[in-house]
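Examination of the molecular architecture
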Amino acid sequence: MYVFPRRGIPRDTMGVRNDSEKLYGSGRNPTGGGKRKPMESTHLLLAEIRKDVDAMISEHLGYPITVGLGTEDLAAFVEQIFRSVFGDLIARVEKDPAFQNREKDVYKTSKPFQAVMYFRVANALYYLAASRDLSGLLQSIAHKISMDAVTQTGVEIHPAAKIGERFVVDHGIGTVVGETTTIGHDCYILQGVVLGALGVAQNFTGKRHPTIGNKVEIASFAKLLGPIVVGDNVFIGPHCII
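The notes below deal with the structure included here. Model, not experiment: these values are computed from the prediction. (Residues numbered from 1 in each chain as written. Predicted model: local features only at pLDDT ≥ 70, side-chain atom pairs only at ≥ 80, totals over all residues. Heavy atoms only, no water.)

Glancing now at the overall build of the protein chain. What the protein chain contains, in helices and strands, is 7 helices and 13 strands. Looking at the protein chain as a whole, 48% of its 242 residues qualify as buried. In the protein chain, the proportion of contacts linking residues at least 24 apart, taken out of those at least 6 apart, comes to 54%. If you sum the accessible surface of the protein chain, you get close to 11,800 Å²; carbon and sulfur atoms cover 57% of it. (Helix = DSSP H or I, 4+ residues; strand = E, 2+ residues; numbered from the N terminus. Buried < 20%, exposed > 50% of the residue type's maximum accessible area, 1.4 Å probe, protein only. Contact = heavy atoms within 4.5 Å. Areas by Shrake-Rupley, 256 points an atom, 1.4 Å probe, with all protein chains shown as cover.)

Rendered as structure tokens:
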């Protein structure tokens, strides 16, 4: 088993950057060599992401729900999703040399990234339901979006999972994130990772999935089961069972 803290990284570092960096990228080249080149057609890509988030929400939210939210609430709701999605995109590009400076390619072609985008929309709807009379309907829509993502991407993330900013799933096929999972900021997980419960059938209700700290990397086919806690700045090696 290979589970160890990442050396040389301050444990109190949350990875929080200022608003402009979080939205538009830090400009750092993760492989060294100073600044990375400017994002290709940044503003066009921003507009495209906004349009797609709007379209996804419009497709799943009917007229009574959008009216019930109100114009300002709906705009804030879309903006929250958009900022998270764009942060996830920048994190993928900065951390994966295969897609360096290729934001549009990631956005258009990466199924794992699309799974995370589906999750952001489903998750926002799921927790919006908690404060609305239409909670049953909204949660049903969130689950439908989640299942659409499984069909299209091979990645299953429960809409109730709590996941921090700049989240990356890479390769992704067979990765499962359970309902009561909590994941911090700046985490990166690979294919076949399961964040699941200890049992198979008739698991207890309540907290039964892992809690993952900030800046955690989980390699392929690792299985983290039950309400365990993983701290910040940890690397979990492939095929671990914890």
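Once you've had a look at it, read on.
This part takes up the packing of helix α2 (residues 42–60) against helix α6 (residues 111–128). Across the interface, α2 lies against α6 with an axial gap of 11 Å and an inter-helix angle of 55°. When the axis of α2 is compared with that of α6, the two are oblique. Between α2 and α6 the crossing geometry is right-handed. Facing α2, whose interface residues are D52, V53, M56 and I57, α6 presents M117, Y118 and V121. (Axes fitted to C-alpha atoms, helices over the stretch in contact; angles between N-to-C directions. Parallel < 35°, antiparallel > 145°, perpendicular 65-115°, else oblique. Left-handed = near helix turned anticlockwise from the far one by under 90°.)

This part is about the packing of aromatic side chains. One pass over the structure, following the stated rule, counts 3 aromatic pairs. Relative to Y127, the ring of Y126 has its centre 5.3 Å away and its plane inclined at 70°; by these criteria the two rings are edge-to-face. Judged by relative accessible area, Y127 falls into the partly exposed class, the value being 35%. Over the ring of F82 we find R50; its NZ or CZ atom is 4.0 Å from the centre of that ring. (Phe/Tyr/Trp six-rings, centres within 6.5 Å; stacked < 30°, edge-to-face > 60°. Lys NZ or Arg CZ within 6 Å of the ring centre and 35° of its normal.)

What the 4 strands build is an open sheet, ordered β2-β5-β8-β11; its pairing is parallel. A single partner strand is all that each edge strand has here, and the edge strands are β2 (156–157) and β11 (223–225). Pairing of strand β8 (residues 194–196) with β11, which is carried by 3 bridges, proceeds in the parallel orientation. Pairing of L195 across the sheet is with L224, part of β11. (Pairing = 2+ DSSP bridges.)

This part is about the pattern of salt bridges. Going through the model one piece at a time under the given rule, you end up with 10 salt bridges. Between E48 and K108 there is a salt bridge whose closest N-O contact spans 2.2 Å. A residue pair is termed long-range when its members are at least 10 positions apart, and E48 in helix α2 and K108 in helix α5 (residues 103–109) qualify at 60 residues. For E48, a relative accessible area of 17% gives the class buried. With relative accessibility at 44%, the residue K108 sits in the partly exposed group. Residues K144 and D148 are paired through a salt bridge, measuring 3.1 Å at the closest nitrogen-oxygen approach. Pair noted here: K144 and D148 are both in helix α7 (residues 135–153), with a separation of 4 residues, about one helical turn. (Salt bridge = Lys/Arg side-chain N within 4 Å of Asp/Glu carboxyl O.)

What follows covers the sheet that holds strand β3 (residues 162–163). The parallel open sheet is built from 4 strands, whose spatial order is β3-β6-β9-β12. With one partner strand each, in any of the chains shown, β3 and β12 (229–230) form the two edges of the open sheet. In terms of strand pairing, strand β9 (residues 211–212) meets β12 through 2 bridges, oriented parallel. The partner of T211 across the bridge, within β12, is V229.

In the Ramachandran plot, R166 falls in the positive-phi region, its phi being about 55° despite a non-glycine side chain. Exposure remark for R166: the relative accessible area of 3% places this residue in the buried category. In this structure, H171 is a non-glycine residue whose phi angle is positive, near 65°. Tracing the chain through its elements places H171 in the loop between β4 (168–169) and β5 (176–177).

Bringing α6 into the picture now. For α6, spanning 18 residues, the distance from its first C-alpha to its last is 26 Å, which sits close to the expected 26 Å at 1.5 Å a residue. By the criterion of burial, α6 is predominantly enclosed, with 16 of the 18 residues buried. N-cap assignment for α6: the residue whose side-chain oxygen lies 3.3 Å from the backbone N of F113 is S110. (Expected span 1.5 Å × (residues − 1). Polar contact = N/O pair within 3.5 Å; in protein donor to acceptor, adjacent residues only side chain to side chain.)

By the element assignment, T153 lies in helix α7. With 19 residues separating them along the chain, T153 and G172 place their C-alpha atoms 7.9 Å apart. Within polar-contact distance, the side chain of T153 engages the backbone nitrogen of V155 at 3.2 Å.

Any functional reading would require information beyond the geometric quantities listed.
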